[in-house]
Amino acid sequence: MAEIVLDKVSKQYPDGAVAVRDVDIEIADGEFIILVGPSGCGKSTTLNMIAGLEDITSGELRIGGERVNERAPKDRDIAMVFQSYALYPHMTVKENMAFPLRLAKVDNATVEKKVRDAAEILDLTQHLDRKPANLSGGQRQRVAMGRAIVRSPKAFLMDEPLSNLDAKLRVQMRTSVSRLQKQLGTTTVYVTHDQTEAMTLGDRVVVMRGGAVQQIGAPQHLYEHPANLFVAGFIGSPSMNFVPAGLEDAVLRSPLGDIPLTDRVRGLLAGGDVPREVIVGLRPEHFEDARLVDDAVRAHGVTFTSHVDVLESMGSDKYAYFSLSGEQATSAELAELAADAGSADVPGEGVSLVTRLSAVSTATEGEQAEIWFDADKVQLFDPKNGRNLTYSGN
Amino acid sequence: MSHALPEAEPGARPAKAALSEGKKAERRLGLLLCAPAVLVMAAVAGWPIIYSLWLSLQRYDLKFPDKQEFVGLDNYVTVLSSPYWWNAMWITIVITVVSVAIELVLGMALALIMHRTLVGRGIVRTSTLIPYGIVTVVAAFSWRYAWTPNTGYLAETIAGGEPVLTQKVPAVLAVILAEIWKTTPFMALLLMAGLALVPDDLLKAAAVDGASAWQRFTRVMVPVMKPAILVALLFRTLDAFRIFDNLFVLTGGSQGTSSVSMITYNNLIKGLNLGIGSTMSVLIFIAVAIIAFIFIKLFGTAAPGTDRGGRR
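What you are looking at is a predicted structure, and each value in this text was computed from that prediction instead of being measured.

### Things to note about the nonpolar core
- With 163 residues, the main nonpolar core has Met 80, Leu 157, Val 189, Val 206 and Val 280 of chain A together with Leu 191 and Leu 250 of chain B as its most contacted residues.
- Per-element accounting of this core gives the leading share, twelve residues, to helix 7 (residues 168-195) of chain B.
- With sequence-adjacent residues up to four places away left out, Leu 250 of chain B is seen in contact with Ala 140, Trp 143, Arg 144, Leu 165, Ala 171, Ala 174, Val 175 and Ala 178 of chain B.

The following block contains the structure:
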């Protein structure tokens, strides 16, 4: 067990392409940290650099206080779980798990004991003599985990370990990975492109984009206080709504109507250099059916009436989708998020909006509905650089 | 779930019978479609095999055509008790084993180089394959000239003017060298296809698990590509066992350097002894069949294209 420090770590390929730029992360001993971002954001490269599978162009990597830049993977005492599991097909489950110990020349009795223990933890005891080809996806995944834990390494590195499982199993394995990590208390770096995994698993989450770290923080902190448009759009499902607005005096003129600036928002904006055109960010849960909101609360927010395009009832909530007339919010960050989600070429006009309403709401698909939202919850972003103008830090 | 399985079975049975009706028709169509190819194969491969089996049971020498008669296994007794045959057999086995072993090592090294090369990949691969692209007889002649005293560069430098090709052991070594030079690229090509089957993640995982480069090679790469290695070995062994052209050009079989193919040729074509010659070719056929049997049954070599889906 050890802490891992990335100090201005960069990766540049011989052809000049920069995959990772000046990444600073301090991972505490026993911490579960998640690297998350769209594909090509450099998260896997960062993980491979920690593992020693890719060279570090500049900067320093320290594991347990020692510089390990020049060390081969085998001398770093770390274990890695791959998306493809990378099980040795010619070895049985037992041999797979024992492989790192055999290479370390551990005596037979200890190998036997450690493999048994790991198999017990992962519920693999009855599969020890089978070959990987005869195992299900979930079992293979557990063998890969088993191979990592038998060694009691300084750290676990996991590269999208659950991506090859089907949805239901993935949720199950997510909790067991989390439990296992708590139980062992081993420093873990986990790479994923799935924001749900990032939110649910990590002690802290590192959001990356284009090889650079966007924000590091606890999942809840990232959700409530995103540092920029990218983090705001990436974290949360369904994602935050973005609406363009013009800032005039103390009022935001938007397709949702005029939004008054509350004291909190005004306080955060004060002193900053605020552009006249901004992007308003609103989480779906900050909307509500206006009929369910009492007058006192209603006064704190803004009400608008629109046509319900689609209504999805989830049982506990209802998701109502609207499309409002007006220009869509545009910025480089939003374009990248849309491209990653594959929604860049979904045709749509105007501003689309997702709202989460109470299950008791009477909003109906195809009809007008009156919707209220809390004006105090708005986040404002600079469309030019994506900065959160209402970021309140810690 | 487990008790649901037996219930499902009686219901599945009639469906199975109905299916086999369709299967039968499909099989009949399959046989019909194969028939023309089978007929051609029977004519060009099946008949000669049967005919030479028949010839091998006769005394049949074209120099004495009148004395043709059925002699049973007499020809086999004659051949198998002949020191010339056994000498040729040993020469063939030595050439096969030594050249294939060296080719495997060199071929693997070449395959690794070709697999790893990033710059000028095409040039590296092409230049490696040049020896394999040259006609064997042409290459053999160039080796013969090179080993010829007074004029050949190898004879003058390495052999110190000695006539290498006229002494048994050096001549066999020269033949083995020519074989290796010629067919290593083929081995490398087959092995490279095997290397491509080893997933990168597997080698990365082994590196993180603590394996050195050599351990990654011996404990992960070689076992995973074992099917490809066995196929390469099988092809090359069968090929090497039938060695003829290099020997024919380099030594002509003199000084007891004949291979089994050489003495078969000498008896059958030069000596016009159809009976003895056919016996020898049947024996070669049996030897080749034994080699293939050992590889497939004992080592579990999968013929290309029949790789079981289970192994990954």
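So much for the structure itself; the text now carries on.
### Some remarks on the domain arrangement of chain A
All names here are of chain A.
- Domain parsing of chain A yields domain 1 (4-226) and domain 2 (231-381).
- Placing a centre on the C-alpha atoms of domain 1 and another on those of domain 2 gives a separation of 37 Å.
- With eleven residues of domain 1 at the interface, the matching set in domain 2 holds eight residues.
- Those elements that provide at least two residues to the side of domain 1 that touches domain 2 are helix 6 (195-201), strand 10 (212-217) and helix 7 (219-224).
- By residue number, the principal contributor to the side of domain 1 that touches domain 2 is helix 6, which donates three residues.

### Structural notes on the sheet that holds strand 14 (residues 277-282) of chain A
All names here are of chain A.
- One open sheet accounts for five strands, arranged 13-12-11-14-20; its pairing is antiparallel. Unpaired on one side and paired on the other, strand 13 (257-260) and strand 20 (379-381) mark the two borders of the sheet. For this sheet the average axis-to-axis angle between neighbouring strands, irrespective of direction, equals 40 degrees.
- Of the strand pairs in this sheet, strand 14 and strand 20 are connected by three bridges, and their pairing is antiparallel. Each residue of the ladder has a partner; that of Val 280, found in strand 20, is Leu 380.

### Overview of the sheet that holds strand 10 of chain A
Residues and elements named next belong to chain A.
- On the basis of which strands lie adjacent, the open sheet formed by six strands has the order 6-7-8-3-9-10 and mixed pairing. Unpaired on one side and paired on the other, strand 6 (78-81) and strand 10 mark the two borders of the sheet. With direction set aside, neighbouring strand axes in the sheet form an average angle of 15 degrees.
- For strand 3 (residues 32-36) and strand 8 (residues 187-192), the ladder comprises five bridges, and the chain directions are parallel. Residue pairing across strands places Ile 33 opposite Val 189, the latter belonging to strand 8.

### Quick notes on helix 7 of chain B
- Between its terminal C-alpha atoms helix 7 of chain B stretches 38 Å, which fits the 40 Å expected from 28 residues at 1.5 Å a residue.
- The largest bend in helix 7 of chain B amounts to roughly 40 degrees and is located at Thr 183 of chain B, with the proline Pro 185 of chain B lying one to four residues further along.

### Description of the environment of Leu 80 of chain B
- Relative to the elements of secondary structure, Leu 80 of chain B occurs in helix 2 (residues 74-80).
- The sequence separation of Leu 80 of chain B and Met 280 of chain B amounts to 200 residues, and the corresponding C-alpha distance is 9.2 Å.

### Some thoughts on the confidence of the model for chain A
- Considering every residue of chain A, the mean pLDDT works out to 89; 97% of them sit at 70 or more.
- The least confident element of chain A, judged by mean pLDDT, is helix 11 (residues 332-341) of chain A at 80; the most confident is strand 3 of chain A at 95.

### Focus on the pairing of strand 1 (residues 4-12) of chain A
All names here are of chain A.
- Relative to strand 2 (residues 18-27), strand 1 runs antiparallel, the two sharing six bridges. Looking across to strand 2, one finds that Ile 4 is bridged to Ile 27.
- Here strand 1 folds back onto strand 2 in antiparallel fashion, the turn holding five residues, of which Gly 16 has a positive phi close to 95 degrees.
- Pairing of strand 1 with strand 4 (residues 58-63) involves five bridges; the strand directions are antiparallel. If you follow Val 5 over to strand 4, its bridge partner there is Arg 62.

### Let's talk about the interface of chain A and chain B
- With 18 residues of chain A at the interface, the matching set in chain B holds 18 residues.
- Taken together, the residues of the side of chain A that touches chain B sort by class into 15 nonpolar, two polar and one charged.

### Remarks on the environment of Lys 204 of chain B
- As for its position among the elements, Lys 204 of chain B is in helix 8 (residues 200-209).
- Between the C-alpha atoms of Lys 204 of chain B and Arg 216 of chain B, which are twelve residues apart in sequence, the distance is 9.2 Å.
- Every residue in contact with Lys 204 of chain B, bar those within four places of it in the chain, is listed here: Leu 53 and Ala 86 of chain A.

### Quick word on the pairing of strand 16 (residues 301-313) of chain A
Residues and elements named next belong to chain A.
- The pairing of strand 16 with strand 19 (residues 368-374) spans seven bridges and is classified as antiparallel. The residue bridging Thr 305 from the neighbouring strand is Glu 370, located in strand 19.
- Across five bridges, the pairing between strand 16 and strand 17 (residues 317-324) is antiparallel. In the strand pairing of strand 17, Val 308 is matched with Phe 322.
- Count of turn residues in the strand 16/strand 17 antiparallel hairpin: three residues, of which Gly 315 carries a positive phi of about 95 degrees.

### Comments concerning the domain arrangement of chain B
Residues and elements named next belong to chain B.
- Domain assignment breaks chain B into domain 1 (4-56) and domain 2 (74-298).
- Computed from C-alpha coordinates alone, the two centres of domain 1 and domain 2 are separated by 37 Å.
- Listed per partner, the contact involves four residues of domain 1 and seven residues of domain 2.
- Grouping the amino acids of the side of domain 1 that touches domain 2 by side-chain chemistry returns two nonpolar, two polar and no charged.

### Regarding helix 4 (residues 137-149) of chain A
Residue and element names in this part refer to chain A.
- Across its 13 residues, helix 4 extends 19 Å between first and last C-alpha, which sits within 8% of the 18 Å expected from 1.5 Å per residue.
- Counting buried positions along helix 4 yields ten of 13 residues, so the element is predominantly enclosed.
- Within helix 4, burial applies to Arg 140, Gln 141, Arg 142, Val 143, Ala 144, Met 145, Gly 146, Arg 147, Ala 148 and Ile 149.

Calculation notes
- Residue positions are given per chain, counting from 1 as you read along its sequence in written order.
- The lettering of chains begins at A and the numbering of ligands begins at 1, in the order of writing.
- Where local features are concerned, this predicted model is filtered to residues with pLDDT of at least 70; where side-chain atom pairs are given and counted, the filter is 80 or more; whole-chain, interface and lining totals use all residues.
- Among buried residues, those of type Ala, Val, Leu, Ile, Met, Phe, Trp, Tyr and Cys that are joined through C-beta atoms within 7 Å form a set called a nonpolar core.
- Partly exposed residues are those whose C-beta has more than 12 but fewer than 20 other C-beta atoms within 10 Å; 20 or more makes a residue buried and 12 or fewer makes it exposed, with C-beta atoms placed from the backbone.
- Secondary structure elements follow DSSP: runs of H or I of four or more residues count as helices, runs of E of two or more count as strands, with numbering from the N terminus.
- Contact definition: two residues whose C-beta atoms, as placed from backbone geometry, lie within 7 Å.
- Throughout, the edges of the domains are those of an automatic or database domain assignment.
- Paired strands, as defined in this entry, are two strands with at least two bridges between them according to DSSP.
- Between N-to-C directions, angles cover 0 to 180 degrees, with each direction set by a line fitted to C-alpha atoms, over the stretch in contact for helices.
- Working rule for helices: expected span equals 1.5 Å times residues minus one.
- The quantity called bend is, for any residue, the angle between two axes fitted respectively to the seven residues ending at it and the seven beginning at it.
- Residue-level confidence of the predictor is summarised by pLDDT, bounded by 0 at the bottom and 100 at the top.
- Residues are sorted three ways: Asp, Glu, Lys and Arg are charged, Ala, Val, Leu, Ile, Met, Phe, Trp, Tyr, Cys and Pro are nonpolar, and all the rest, Gly among them, are polar.

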